[in-house]
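Each chain, written out:
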Amino acid sequence: MALDRWIALAFIALCCVYGYAAFFTMDDQLPPILQRNPVWPSTFPKILTVLGIVVGLIVLFTSKPADSGPAKDGTIDLNRLGDYNVGQALGLLALMVVYALTLRPLGFVGSTVGFLVLGAVILGERRFHILIPVTVIAAGSIWYLVQEVLGIFLRPWPGMFM
């Protein structure tokens, strides 16, 4: 089986676990007054689950065109895996884990700015005079929308500054 089909199979398994949580465990904790609402907090995760499984099944069961010669653009050749930017991909995955672990100690704005700046540096961006203001504006805007517009508390700074 080709690599894209293995990835699709893993994606379907992940969607099934996510769907189990969305369909069976999220709604049990709702108070009775909220259970009469037409849209529940689990509505969007349920939609994402169904769409993810459909997309995974499409990738898993669509037939690939017959290979005629060398690999075409957009296909992954496992024999030339060293030619791809695997280091950048693994660096970004590690940075995502670090981002998740630093959300509480550094606050949303600090950890998001750090994640965006370091992620851009891993990908090769070197114009810091543009990069830093854009990341600060993006993180501040997202925090403002979540905190002030949606009314969801999101700690912007480390606990020692609050």
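Refer to the preceding data block for the structure.
One structure accompanies this document, and this report is about it. Along each chain, numbering runs from 1 in the same order as the chain's sequence is written. Only residues with pLDDT of at least 70 get local features here, since the model is predicted, and only at 80 or more are side-chain atom pairs given and counted; chain-wide, interface and lining totals rely on the full set of residues. With hydrogens and water stripped out, all remaining heavy atoms of the structure feed into the side-chain values.

Comments concerning a nonpolar patch on the surface
- A cluster of nonpolar residues, Tyr 20, Phe 23, Phe 24, Val 50, Val 54 and Ile 58, forms a patch on the protein surface that exposes about 600 Å² of accessible area.
- Counting from the N terminus, the helices are the DSSP runs of H or I reaching at least four residues and the strands are the DSSP runs of E reaching at least two. Looking at the nonpolar patch, the elements with two or more residues in it are helix H1 (3-25) and helix H2 (43-61).
- Along the chain, Tyr 20 falls in helix H1.
- The exposure class assigned to Tyr 20 is exposed, which follows from its relative accessible area of 51%. A residue counts toward a patch only above 30% relative accessible area and without a salt bridge, and it is joined to like-charged neighbours within 9 Å or, for Val, Leu, Ile, Met, Phe, Trp and Tyr, to nonpolar neighbours within 5 Å. The method behind every accessible area is Shrake-Rupley, applied with a 1.4 Å probe, and residues are considered shielded solely by the protein chains displayed. Salt bridges, as used here, are contacts in which a Lys or Arg side-chain nitrogen is within 4 Å of a carboxyl oxygen on Asp or Glu. Exposure categories follow from relative accessible area, calculated using a 1.4 Å probe and restricted to protein chains: below 20% of the type maximum is buried, above 50% is exposed, and the middle band is partly exposed.

Overview of helix H4 (residues 128-149)
- Here the expected span of a helix is defined as 1.5 Å times the quantity of residues minus one. Between the first and last C-alpha of H4 there are 30 Å, a value that for 22 residues agrees with the 32 Å anticipated at 1.5 Å per step.
- All buried positions along H4 are accounted for by Leu 131, Thr 135, Ala 139 and Gln 147. Looking straight down H4, one finds its buried side chains confined to an arc of 100 degrees; they lie on one side. Of the exposed residues in H4, those oriented more than 90 degrees away from the buried face are His 129, Ile 137 and Val 149.
- Residues of H4 that are buried sit in contact with helix H3 (86-123).
- Two residues or fewer after H4 comes Gly 151, characterised by a positive phi angle close to 75 degrees. Our arc is simply the arc of the directions from the helix axis toward the C-beta atoms. Here, residues are in contact when the closest pair of their heavy atoms is within 4.5 Å.

Bear in mind that shape data such as this cannot, by itself, settle questions of function.
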